[in-house]
Amino acid sequence: MMLFLFVIGSFMANAQNRLVSGRIIDSLTLQGVSGATVKIKNTTKGTVANPDGSFKIEVATGAILEISAVNYHPVEVKTNQSTPMQIMMTSINKTLADVVVIGYGTAKRSDVTGSVSSVPKARLSEIPAPNVLQAMEGTVAGVNITTGTNAPGESPSIVVRGVNTITGSTDPLIVIDGTPFQSLSLNDINTNDIASIDILKDVSATAIYGTRGANGVLLITTKHGKAGKASISFSNYAGPEYFAHKVKPMGPAEYVQKYADYKLEAGVDNNFPVPNQYEQENYAAGKTTDWLKEISQQGFIQDHNLSITGGGKDVRYFVSGDYFREKGLLKGFQNKRGSIRSNIDATLASFLTVGANLYMTLNNFDGGRVNLQQAMQMSPYGRFKDPDGNYTIFPMSGDLAFQSPMLGLTTTRNDRRENFITNVYAEVKPLAGLKYRVNASYNYLPTLYQYYQGRLAGDITNCSATVSNGERNNWVVENILTYEKNWNKHHIDFTGLYSAQQNREYSSTINASGFINDALQFNALQGASTFSASSSYIKTTIVSQMARINYSYDSRYLITATARRDGYSAFGSNTNKYGTFPSVAIAWNVSNEAFMKKAEFIDNLKLRGSYGLSGNQSAVVPNSTVTTFSTTSIPSGGKPTTGIVADILGNSDLKWESTYGANIGIDFSLFKGRVSGTIEGYKTTTKNLVLYRQLPAATGYLNIVSNVGKVGNKGIEVTLRTQNIVSGDFRWETNFNFAANNNKILDLYGDKKDDIGNRLFIGKPIYVIYDYKQVGVWKVGEDPSKQDPGAIPGDLKFADLDHNGVITSDGKDQTILGQSTPKWTGGVTSAWHYKNFHLSVFIQTVQGVTKYNQLTNFVDYGGRQNVVSGLGYWTPTNQSDVRPSINYVNYLNYGYPQKANFTRIKDATFSYTMPNSLADKLKLSALTLYVTGRNLATFTNWFGWDPEANYAATGDTGGNYPLVRTFIIGANITLK
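This is a predicted model, so every value here is computed, not measured. (Residues numbered from 1 in each chain as written. Predicted model: local features only at pLDDT ≥ 70, side-chain atom pairs only at ≥ 80, totals over all residues. Heavy atoms only, no water.)

## Topic: a nonpolar patch on the surface
Piece 1. Nonpolar side chains collect at one region of the surface, where Tyr557, Trp588, Phe595, Leu607, Ile666, Ile679 and Ile716 lie side by side and expose about 600 Å² of accessible area between them.
Piece 2. Along the chain, Ile716 turns up in strand β36 (residues 710–727).
Piece 3. For Ile716, a relative accessible area of 39% corresponds to the partly exposed category. (Patch = residues over 30% accessible without salt bridge, like charges linked within 9 Å, V, L, I, M, F, W, Y side chains within 5 Å. Areas by Shrake-Rupley, 256 points an atom, 1.4 Å probe, with all protein chains shown as cover. Salt bridge = Lys/Arg side-chain N within 4 Å of Asp/Glu carboxyl O. Helix = DSSP H or I, 4+ residues; strand = E, 2+ residues; numbered from the N terminus. Buried < 20%, exposed > 50% of the residue type's maximum accessible area, 1.4 Å probe, protein only.)

Pasting the structure below:
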């Protein structure tokens, strides 16, 4: 009987218990909270969440779970709900515990002494962009990213904390998984593969990379495998592209009126409503062409990514494949990109870990392209096609100055670029705290360009072809020794490096013309009558040693000391081949002091300061320390003979460009993480600028490269994160950043004189707008004789700055009107979350920019060129005070500068994350659906396509491409 009662009692007790499961995720990143503790309230029973945040635990009916994790607010959850559960945890100040990459190692954010900023991970995972820089634009204080052209496959430019050089590159160093790369396009990197991006900004942080650190360092870490069941993820998005803002040329009526106004002002006496034969025929027939419409098409962008990750405790893997395609808004512009990545890490023994990272990407930019600039200038009455159905070469014949914008579509153009990256490593831990790692990487980038322009493209007499091949390859071997030790309240870690790197670049180009037909194009260059060829080869090597020591006491006082020594073969055999770059940084975690315990509203307060020296390798062109010659062709005996002439005089005393920089910073977190941020100020001075100075003709040389001049930058940066509302299922968060930079040339050639010819002025920024100061337009009845004697009514009126009664081009009537780099930039991201629905909006602003507006600088060629609708022009009856007359001859080459400030709703994303309970029914681990709009609205006074874009009115105008507005639908799916 007793046994029976015991069995019944045990059965009833077990019947009251049940197994519950769930997943604990970060409320902001939606990633699993690894290591969270799950405990049954009022008991000692509990468990620890898996790396992905999942857990299982047996509980009694009605039990309450207590969830806790480091740097998160604790959560209590009732278990009388269906499982699996999805439990959101809100960070107290998650940034303090974040691990950031600092170069040759990592550190917790709370232990960082230099200026290191991280790209918000949400920008990488939630913003679909073909280039990672487009996702980063405007989100990090002090990092100015500019999209000069939206043409498919083109990459934005990036400047970190101002311009430090005049002749060298301003691009930061790119380091991927610890390996530095030279001349790497970020367009080649699949954004889906990136786990994090950290940016070293101050000189003390960048000095660890020595000769290549002056422009900042981008540290990109790709995704690696984690132990556990294999996880398969799909990320896909697609959507149409549209003109963000369309600038239209004059329509038929405006164009006819413009020609009538031209004839009146120029005294032309004819009865033609339009100037040329083809135009007159179409005018009589009532036929017009919308050239902007003809060169345009529906743009479309799509990306499809598949990744597999998993492994056991000994072997972990991450494999991904990606296919990206963009069909441009303008006909012929396109980009296809395929990539494959494989990251494998294996623990062979308790003391030995090895790994291999393999990456391959293939880019295809093939296709003849239309020309936007030519379409803007073409008459709406121009002939579109000839009687044979081919594009008319000269639509406004008999004017031969303007070719059809469609002719590029008749050309054959192959443009390919590939990138192969291999990195292997081995890491040995022979003793506690001691670690040795060797990295070896190889990078190979072949390129191919083939172009043929035949008779249909207007090259009737020559029919030209170009074939160009190039390849870049480099290898890097790094030996890294680290040692870490803790005792009592002391912590010390040491990093030592010895590395070698070799870079090689080769290119060859053949130009041919005079083909008898268009059949074989560039596939039989021997069929041409004229040839020219060129080739180049550059090889450089770098040898480096580095040491870094980090010391901290009681997590209160921190100091970092670094020294790096680089040797660069570009200097030849002179004594300046090697450069040493030291730095030091200190930090004080004030909030860890005992006297701060009463200030309960302060979660974290840290003061930082640093000073260091770094260099700019890009300013030193290989072989610039030796005397060089250039080739020339001279007649001899009635035949051309190739000879050499003196060019640049070598300088064996050439030194590194060296950037000295100081940085101070305050990191803070208040009110349980509700308000946190960083305020930083910096000042840098770059000395020994590498500049080319002209030499007297008597020397026999044109130039000599020398170390002369100084450039300074100083600025302030503010980053602020706020949790404005945290109430139940609703949260509202804001991220704000602001950066102001003052760039100034401190010295040039040592004589305290400006270089007006190159528009370089002491005490002013490097990139200035130096031009005449327009004060109006000369009106009928005004007397220009005492200010600009050659001017007539309708000409632009300029200020006579030297008051000599005439406007001259010798610099005396020109002045600095602004700068083409921004004085300050800012960005704000607001994110709203309600249960599983999320909305984020990002707004950026760029201020203090002046640019030449080439679109408004028209040369009307006798009234024949079309111009922008709404631009306006001076007439005797409508005497504009801004625009000149149609007959105005811009003999001073005035550039029409204009303010290019703008504020832009850069993107907005609305997403839905499926609850685990529903995803589980669909046999999914996770599912997120989203809709994103990019470049939604721009607020600016700029007249033209876009204030950020570069637009050329003459020369090579193939890069003219409008800002694109994109609407995308996407899904991120992870299978069970």
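## Considering helix α6 (residues 252–266)
Piece 1. Between its first and last C-alpha, α6 extends 21 Å over 15 residues, near the 21 Å set by a 1.5 Å rise per residue.
Piece 2. Elements that come into contact with the buried residues of α6 comprise α7 (277–285).
Piece 3. Gly267 sits one or two residues past α6 and shows a positive phi near 75 degrees. (Expected span 1.5 Å × (residues − 1). Contact = heavy atoms within 4.5 Å.)

## Structural notes on the pairing of strand β5 (residues 64–68)
Piece 1. Every second residue of β5 is oriented toward a common face, the buried set being Leu65 and Ile67 and the non-buried set Ile64, Glu66 and Ser68.
Piece 2. Relative to strand β6 (residues 75–78), β5 is paired through four bridges, and the arrangement is antiparallel. In the sheet register, Ile64 faces β6, and the bridge partner there is Lys78. (Pairing = 2+ DSSP bridges.)

## Some remarks on the packing of aromatic side chains
Aromatic ring pairs: the centre-centre distance and the angle between the two ring planes describe each pair.
Piece 1. Enumeration over the complete set of coordinates arrives at 23 aromatic pairs.
Piece 2. With a centroid separation of 5.3 Å and an interplanar angle of 65 degrees, the aromatic rings of Tyr283 and Tyr381 are classed as edge-to-face. With a gap of 98 residues between them, Tyr283 in helix α7 and Tyr381 in the loop between α9 (372–377) and β22 (412–431) connect regions that are remote in the sequence.
Piece 3. A centroid spacing of 6.2 Å and a plane angle of 20 degrees characterise the contact between Phe837 and Phe910, whose relative ring orientation is stacked. Taken as a pair, Phe837 in strand β43 (residues 837–847) and Phe910 in strand β46 (residues 902–913) lie far apart in primary sequence, 73 residues in all.
Piece 4. Cation over ring: Arg565 sits above Tyr578, and NZ or CZ is 4.1 Å from the ring centre. (Phe/Tyr/Trp six-rings, centres within 6.5 Å; stacked < 30°, edge-to-face > 60°. Lys NZ or Arg CZ within 6 Å of the ring centre and 35° of its normal.)

## A word on unusual backbone geometry
Piece 1. One non-glycine residue, Gln521, adopts positive backbone phi at about 50 degrees.
Piece 2. By the element assignment, Gln521 lies in the loop between β25 (490–513) and β26 (530–553).
Piece 3. For Gln521, a relative accessible area of 21% puts it in the partly exposed group.

## Some words on the pattern of salt bridges
Two side chains that carry opposite charge are able to pair once their charged atoms sit near each other.
Piece 1. As enumerated under the stated definition, the model contains 27 salt bridges in all.
Piece 2. A salt bridge links Arg123 to Asp907; the nearest nitrogen and oxygen atoms lie 2.7 Å apart. One end of the pair, Arg123, is in helix α3 (residues 121–126); the other, Asp907, is in strand β46, and 784 residues separate them in sequence. Comparing Arg123 with Asp907, the two get one shared label, buried.
Piece 3. Asp518 is paired through a salt bridge with Arg455; the nearest N and O atoms lie 2.8 Å apart. Placement of Asp518 in the loop between β25 and β26 and of Arg455 in the loop between β23 (434–453) and β24 (464–487) is noted, with a sequence separation of 63 residues between them.
Piece 4. Taking the relative accessible area as the measure of exposure, Asp518 reaches 25% and is therefore partly exposed.
Piece 5. A relative accessible area of 28% means that Arg455 is categorised as partly exposed.
Piece 6. Members of the salt-bridge network, linked through shared partners, are Arg161, Lys201, Lys606, Arg608, Asp667, Glu680 and Glu717.

## A short note on α7
Piece 1. All buried positions along α7 are accounted for by Tyr278, Glu279 and Asn282. Along α7, the residues classed as buried sweep out an arc of 100 degrees about the axis, all on the same side.
Piece 2. Buried-residue contacts for α7 involve α6. (Arc of directions from axis to C-beta.)

## A few points about the confidence of the model for the protein chain
Piece 1. Overall, the prediction assigns the protein chain a mean pLDDT of 89, with 95% of residues at 70 or greater.
Piece 2. Here helix α1 (residues 2–16) stands out as the element of the protein chain with the lowest mean pLDDT, 43, in contrast to helix α8 (residues 291–295), whose mean of 97 is the highest.
Piece 3. pLDDT under 50 marks residues 1–15. Its contacts with residues more than four places away, or in other chains, come to zero contacts. (pLDDT = per-residue confidence, 0-100.)

## Side note on the sheet that holds strand β15 (residues 194–200)
Piece 1. Strand order in the open sheet made by the five strands is β10-β15-β16-β13-β14, with mixed pairing throughout. Both edges of this open sheet fall to β10 (116–118) and β14 (179–181), since each of them pairs with a single strand only. For this sheet the average axis-to-axis angle between neighbouring strands, irrespective of direction, equals 25 degrees.
Piece 2. In this sheet, strand β16 (residues 217–222) lies alongside strand β13 (residues 173–176) in parallel orientation, the contact comprising four bridges. If you follow Ile176 over to β16, its bridge partner there is Ile220. (Axes fitted to C-alpha atoms, helices over the stretch in contact; angles between N-to-C directions.)

## A look at the environment of Leu801
Piece 1. Residue placement: Leu801 occurs in the loop between β40 (796–798) and β41 (814–819).
Piece 2. For Leu801, a relative accessible area of 33% translates into the label partly exposed.
Piece 3. In the structure, Leu801 is positioned 86 residues away from Gly715 in sequence and 32 Å away in space, judged by C-alpha atoms.
Piece 4. If we ignore the near neighbours within four places in the chain, the residues touching Leu801 are Lys812, Asp813, Gln814 and Thr815.

## Regarding a positive patch on the surface
Piece 1. Together, Lys683, Lys714, Lys744 and Lys764 give the surface a local cluster of positive charge.
Piece 2. Summarising the element assignment, Lys714 is placed in strand β36. (Lys, Arg positive; Asp, Glu negative; His and termini not counted. Charge placed at Lys NZ, Arg CZ, Asp CG, Glu CD.)

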